[in-house]
Amino acid sequence: MVEWTEKERSIITSIFSNLDYEDIGPKAICRLLIVYPWTQRHFSSYGNLYNAEAIQSNPNIAAHGVKVLHGLDRAVKNMDKIKATYTELSVLHSEKLHVDPDNFRLLSDCLSIVIAAKMGASFTPETQAAWQKFLAVVTSALGKQYH
Ligand code: HNI
């Protein structure tokens, strides 16, 4: 059972309340697909992923980035039961989609970079620590079906 301090809760909630899903979601998923091209195999039905420009202007990819953030905000709203909240998503990613759980960490890193770039100086070490902890808990919950 993960313990959250009030400060951590307020940092996570505040990041999400200021998050522009339509901007951050697409940018994070595009980084994943460009920086780690093997992750593209899961999106072969999404149309043109030929190069970075194609990925960044692909509306299916953008929509999926927004969808992932909506998935994450379920964890923010249920910070004390993230594992239970992600039971179905974990089954989906492992048994149906066969996403290698290492990829959750890669997407988390891309998301952190995009958010840090957006927040600039206000992405303090304390903010980063709370944010990384949140993503580590999410990643572990999503990967639950694998171990
Ligand atoms: Ni992921 C579908 C959330 C990481 C590949 N994913 C979803 C959905 C949510 C979601 C929400 C929609 C489920 C539904 O339709 O019921 N994914 C998340 C979250 C993370 C994550 C919160 C990590 C932080 N997904 C990843 C990664 C990959 C991935 C790292 C592949 C590299 N996800 C998929 C694919 C689908 C998907 C593929 C199905 C898309 C589709 O078109 O049906």
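In what follows, the structure referred to is the one given above.
How each quantity is defined
Residues numbered from 1 in each chain as written. Predicted model: local features only at pLDDT ≥ 70, side-chain atom pairs only at ≥ 80, totals over all residues. Heavy atoms only, no water. Donors = N, O, S within 2.8 Å, 3.2 Å for Na, K, Ca; no water. Helix = DSSP H or I, 4+ residues; strand = E, 2+ residues; numbered from the N terminus. Disulfide = S-S within 2.5 Å. Near = heavy atom within 4 Å. Polar contact = N/O pair within 3.5 Å; in protein donor to acceptor, adjacent residues only side chain to side chain. Contact = heavy atoms within 4.5 Å. Axes fitted to C-alpha atoms, helices over the stretch in contact; angles between N-to-C directions. Parallel < 35°, antiparallel > 145°, perpendicular 65-115°, else oblique.

Q: Before we move on, could you go through the coordination of the nickel atom of the ligand and cite the residues and values that matter?
A: Within the protein, just one atom coordinates the nickel atom of the ligand: His93 (NE2), at a distance of 2.2 Å. Within the secondary structure, His93 sits in helix 6 (residues 87-96).

Q: Residues and numbers for the state of the cysteines, please.
A: In total, this model carries zero disulfides according to the counting rule given. Unpaired in this structure, Cys30 has its nearest cysteine sulfur neighbour in Cys110, at a distance of 10 Å.

Q: Describe in detail the site of the ligand, supporting the description with residues and values.
A: Around the ligand there are 18 residues in total, and Tyr46, His64, His93, Leu97 and Asn103 lie nearest to it. Within the contact set of the ligand, a nitrogen atom lies 3.0 Å away from a side-chain nitrogen or oxygen of His93. Of all the elements in the fold, those that place two or more residues in the shell around the ligand are helix 4 (59-77), helix 6 and helix 7 (102-119). Per-element tally for the shell around the ligand: the top contributor is helix 4, with five residues.

Q: Tell me about the side chain of Asp73, and please be specific about residues and values.
A: Mapped onto the elements, Asp73 comes out in helix 4. Those residues in contact with Asp73 that lie beyond four places of it in its chain are Phe16 and Tyr21.

Q: Mind laying out the packing of helix 1 (residues 6-17) against helix 8 (residues 125-142), listing which residues take part and the relevant values?
A: Packing of helix 1 against helix 8 leaves a shortest axis separation of 9 Å and a crossing angle of 85 degrees. Taken together, the axes of helix 1 and helix 8 are roughly perpendicular relative to one another. On the side of helix 1, the interface is formed by Lys7, Glu8, Ile11, Ile12, Ile15 and Phe16, while helix 8 contributes Glu126, Thr127, Ala130, Trp131, Lys133 and Phe134.

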